[in-house]
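# Examining the three-dimensional arrangement
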Amino acid sequence: MEMTGERRIPAPRQQVWEALNDPEALRASIPGCETVERTAEDAFTAKVGVKLGPMSAKFGGKVKLENINPPASYTISGEGNGGAMGFAKGGADVALEELGPAETLLKYHVKAQVGGKMAQLGARLIDSTAKQMADQFFDRFAARLTPAEPEPAVADAAAPVAGTDTEYLADASGPGPLTQHGAEGPSAGGGKPVHRPNPRPVDDNAIKPLRLMLQIEPFGLPLQFWAGCVLMVAILALMFL
């Protein structure tokens with residue numbers, strides 16, 4: 001079985017190289033992987049659960065890194081045993097090409113051989129399963145290295161202006177708003193008193209002539225009496241004339 005491909009990774013080449021050599025990053029990216037442990041500077045052991053058609057098995061294997069050229073390339077080779085399901089062995093050439101300060105092109109070429117019951121399932125099923133696992137690996141690997149997008153900034157609410165309705169709305173326990181066009185009393189919203197900031201004072205001199213007029217008594221009778229008589233005459237004239 002042979003498989004060749006490439007994948008763009010949105011991360012610097014050095015960061016991608018470090019992740020390819022990080023046991024935890026590899027464990028999180030390999031489908032069905034249970035453990036990846038470093039046994040030497042250039043060697044790992046791994047346990048992976050694999051489902052191939054109607055068969056499932058757990059493989060325990062050893063991986064060795066060769067032709068190491070950091071951070072540009074290396075060759076990975078290994079073999080694994082799945083018990084009654086069979087065995088797998090092979091290798092892959094991995095190369096990293098720097099496309100920019102924050103983007104890397106990962107190229108790979110895999111050669112593998114399988115045996116036992118697993119080989120009896122047919123090359124087509126084995127190839128499709130291997131391609132599916134490779135796609136899942138690179139999707140997870142790229143997602144792990146993709147920087148998180150910053151959350152959109154939320155604009156701060158405008159501060160309430162003192163002495164206005166905005167101040168009243170911002171603090172429900174504060175005093176009621178000021179009004180320039182209403183009398184004092186409860187507000188329409190929740191019964192808070194509304195205050196007039198500049199009520200007009202009563203001018204005693206302005207109402208003094210009215211009070212003096214009401215005190216006039218022609219022929220000893222109050223002015224209200226004569227006003228009533230004039231009103232009565234007007235009513236009789238409208239009725240009979």
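Residues numbered from 1 in each chain as written. Predicted model: local features only at pLDDT ≥ 70, side-chain atom pairs only at ≥ 80, totals over all residues. Heavy atoms only, no water.

### Focus: the overall build of the chain
- A count of helices and strands for the chain gives six helices and nine strands.
- Looking at the chain residue by residue over its 241 residues, the buried ones come to 25%.
- Looking at the chain as shown, the accessible area adds up to about 16500 Å², and 59% of this sits on carbon and sulfur atoms. (Helix = DSSP H or I, 4+ residues; strand = E, 2+ residues; numbered from the N terminus. Buried < 20%, exposed > 50% of the residue type's maximum accessible area, 1.4 Å probe, protein only. Areas by Shrake-Rupley, 256 points an atom, 1.4 Å probe, with all protein chains shown as cover.)

### Digging into the nonpolar core
- In terms of nonpolar packing, the biggest core is built from 37 residues, with I9, V16, L20, L106 and F141 touching the most fellow members.
- Among the elements that take part in this core, helix α3 (residues 123–145) stands out by supplying eight residues, more than any other. (Core = buried A, V, L, I, M, F, W, Y, C linked by side-chain atoms within 4.5 Å.)

### Topic: the side chain of T75
- Mapping T75 onto the fold places it in strand β5 (residues 73–81).
- There is a polar contact of 3.2 Å between the side chain of T75 and the side chain of N67. (Polar contact = N/O pair within 3.5 Å; in protein donor to acceptor, adjacent residues only side chain to side chain.)

### As for the side chain of S29
- Structurally, S29 can be placed in helix α2 (residues 23–29).
- What makes S29 buried here is its relative accessible area of 1%.
- Polar contacts involving the side chain of S29 include one to the main-chain carbonyl oxygen of A25, which spans 2.8 Å.

### Re the environment of C33
- By the secondary structure assignment, C33 is in strand β2 (residues 33–40).
- Residue classification places C33 among the buried residues on the basis of a relative accessible area of 11%.
- Linking C33 and K58, residues 25 residues apart in sequence, is a C-alpha distance of 9.3 Å.

### Things to note about the pairing of strand β6 (residues 87–100)
- Summarising the sheet, β5 and β6 pair through nine bridges and their orientation is antiparallel. Following the sheet pairing, N81 is matched in β6 by F87.
- Here β5 folds back onto β6, and the loop between the two strands holds five residues, one of which, G83, carries a positive phi near 70 degrees.
- Bridge count between β6 and strand β7 (residues 103–115): 13 bridges; the pairing is antiparallel. Across the sheet, G90 pairs through a bridge with A112, a residue of β7.
- Hairpin connection from β6 to β7: two residues lie between these consecutive antiparallel strands. (Pairing = 2+ DSSP bridges.)

### Let's talk about helix α1 (residues 13–20)
- For α1, every residue scored as buried is listed here: V16, W17, A19 and L20. Taken down its axis, α1 places every buried residue within 165 degrees of arc, on the same side. (Arc of directions from axis to C-beta.)

### Observations regarding the pattern of salt bridges
- Counted by the stated rule, this structure contains eight salt bridges.
- Here E24 makes a salt bridge to R27, at a shortest N to O gap of 2.8 Å. Of this pair, E24 and R27 both sit in helix α2, separated by three residues, roughly a single helical turn.
- A residue is classified by how much of its surface remains accessible, and E24, at 37% relative accessible area, is partly exposed.
- Salt-bridge contacts for E97 lead to K107; the nearest nitrogen and oxygen are separated by 3.4 Å. Here the residue E97 occupies a position in strand β6, and K107 occupies one in strand β7, the gap between them amounting to ten residues.
- Connected via shared salt-bridge partners are R7, K131, D135 and D139. (Salt bridge = Lys/Arg side-chain N within 4 Å of Asp/Glu carboxyl O.)

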